[in-house]
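# What the coordinates show
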Amino acid sequence: MMRPGWNPARRNRHVGTKAHGHGANNRLTIPESWYGLELQCYFEKLSSYVVVTKSIGERELKFFVEPTRPDWFYPCTVDDICVVLSHCDFDALNSFDFVVMRQPTRKQHILCPVWGRAIFSFDIDKFRGAAIVIEAQNLMPIEWGGPIVPERARELERLRKDGHEIRNIRRGIQIRTTPNSLRNTVLYRTFLHEIGHHIDYNQSSDDEWYVKTKSMKEDYAHRYASELYGLLSKQGALPFGPIVDDRSFLADGLKREWFCLP
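Structure report, in brief. (Residues numbered from 1 in each chain as written. Predicted model: local features only at pLDDT ≥ 70, side-chain atom pairs only at ≥ 80, totals over all residues. Heavy atoms only, no water.)

Our next topic: the packing of aromatic side chains. Counted by the stated rule, this structure contains 12 aromatic pairs. Aromatic pair Y201 and W209: ring centres 5.2 Å apart, planes at 90 degrees, arrangement edge-to-face. Following the ring pairs from residue to residue traces out a cluster consisting of Y49, F64, F98, F122 and F127. The side chain of R69 reaches across the aromatic face of W72, ending 5.1 Å from its centre. Positioned above the aromatic ring of F240, the side-chain terminus of R183 is 5.2 Å from the ring centre. (Phe/Tyr/Trp six-rings, centres within 6.5 Å; stacked < 30°, edge-to-face > 60°. Lys NZ or Arg CZ within 6 Å of the ring centre and 35° of its normal.)

Here you go:
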């Protein structure tokens, strides 16, 4: 017989911990739908967007641009990306089907912050194909905790060269950004990096691709971006000043504040 006032939960060493379910109802997670016919990933779901079609040489490329929230912006414009692509070779220009510029939610930005993504099968309305995703950014400092492993050290050096300010803080590393440093990172490195992923994927068989480790894929994309930037720099094509053309924004149905902070 259980004695009065005895609480068996007090004997459980997991009480109040994750193993006991503590925090399960308020844990910060990115909502996903795994039921019914909903097969899209969260980064394929745009709340609203403007479709822009641009001609680059003989290629027509579609851009899907989602409006940004206040204090957020895309570090490069659609015209900036078109100029970069106009100097790329046939394989690079034809390695993907469209560019998606999306505004991450607060949860997505906290849990999975990225500059961009290479997506090999992207579904949006009636369109499906390979995409490069560019994510909107803000100017809040970025903090990295944990040990500085070799790959993270190399990335910090790349960010420093892009113009970001790197500070040592009590909790780890703080990265302070500017609109110009973000443009350098996103346009001249991330965008070329994601092209590298598409090139690597297209040149690999399914078996070859899936046996490659993440570090092998990242090394290839970093090397591709660095070599392409070096080549275009020698040709005088890169870098170039931001293209902020109000007439182009108006013609494409875009707003200046999505790309430039006031």
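Ranked by size, the top nonpolar core spans 51 residues in total, and within it L85, F191, I195 and F259 carry the most contacts. The element best represented in this core is helix 5 (residues 179-203), accounting for 8 residues. With near-sequence residues (within four places) excluded, I195 lies in contact with L85, A92, S95, F96, I132 and Y224. (Core = buried A, V, L, I, M, F, W, Y, C linked by side-chain atoms within 4.5 Å. Buried < 20%, exposed > 50% of the residue type's maximum accessible area, 1.4 Å probe, protein only. Helix = DSSP H or I, 4+ residues; strand = E, 2+ residues; numbered from the N terminus. Contact = heavy atoms within 4.5 Å.)

The 3 strands are arranged 6-8-7 in an open sheet whose pairing can be described as antiparallel. In this open sheet, the two strands that pair with only one neighbour each are strand 6 (142-144) and strand 7 (165-169). Each strand axis lies, on average, 25 degrees off the axis of its neighbour in the sheet, ignoring direction. In this structure, strand 6 lies alongside strand 8 (residues 172-176), joined through 3 bridges in antiparallel fashion. (Pairing = 2+ DSSP bridges. Axes fitted to C-alpha atoms, helices over the stretch in contact; angles between N-to-C directions.)

What follows is about the sheet that holds strand 4 (residues 116-124). The strands that make up a sheet pair up through hydrogen bonds in the backbone, lying either parallel or antiparallel. The 5 strands lie next to each other as 1-2-3-5-4, forming an open sheet whose pairing is mixed. For this open sheet the edge positions go to strand 1 (50-56) and strand 4, each flanked by a neighbour on one side alone. The mean angle between the axes of side-by-side strands here comes to 30 degrees, regardless of whether they run parallel or antiparallel. Where helix 1 (residues 78-86) meets the sheet, its contacts fall on strand 1, strand 2 (59-65) and strand 3 (98-102), and the angle it forms with strand 1 comes to roughly 30 degrees. Contacts between helix 5 and the sheet are confined to strand 3, strand 4 and strand 5 (127-135), with strand 4 contributing the most and set at about 60 degrees to the helix.

This brings us to the packing of helix 4 (residues 150-162) against helix 5. One can describe the packing of helix 4 onto helix 5 by two numbers: an axis separation of 8 Å at closest approach and a directional angle of 115 degrees. Taking contact as the criterion, the partners of E155, R158, L159 and D162 in helix 4 are, on helix 5, S181, N184, T185 and R189. For the contact of helix 4 with helix 5, the residue count by class is 1 nonpolar, 3 polar and 4 charged. (Nonpolar A, V, L, I, M, F, W, Y, C, P; charged D, E, K, R; others polar.)

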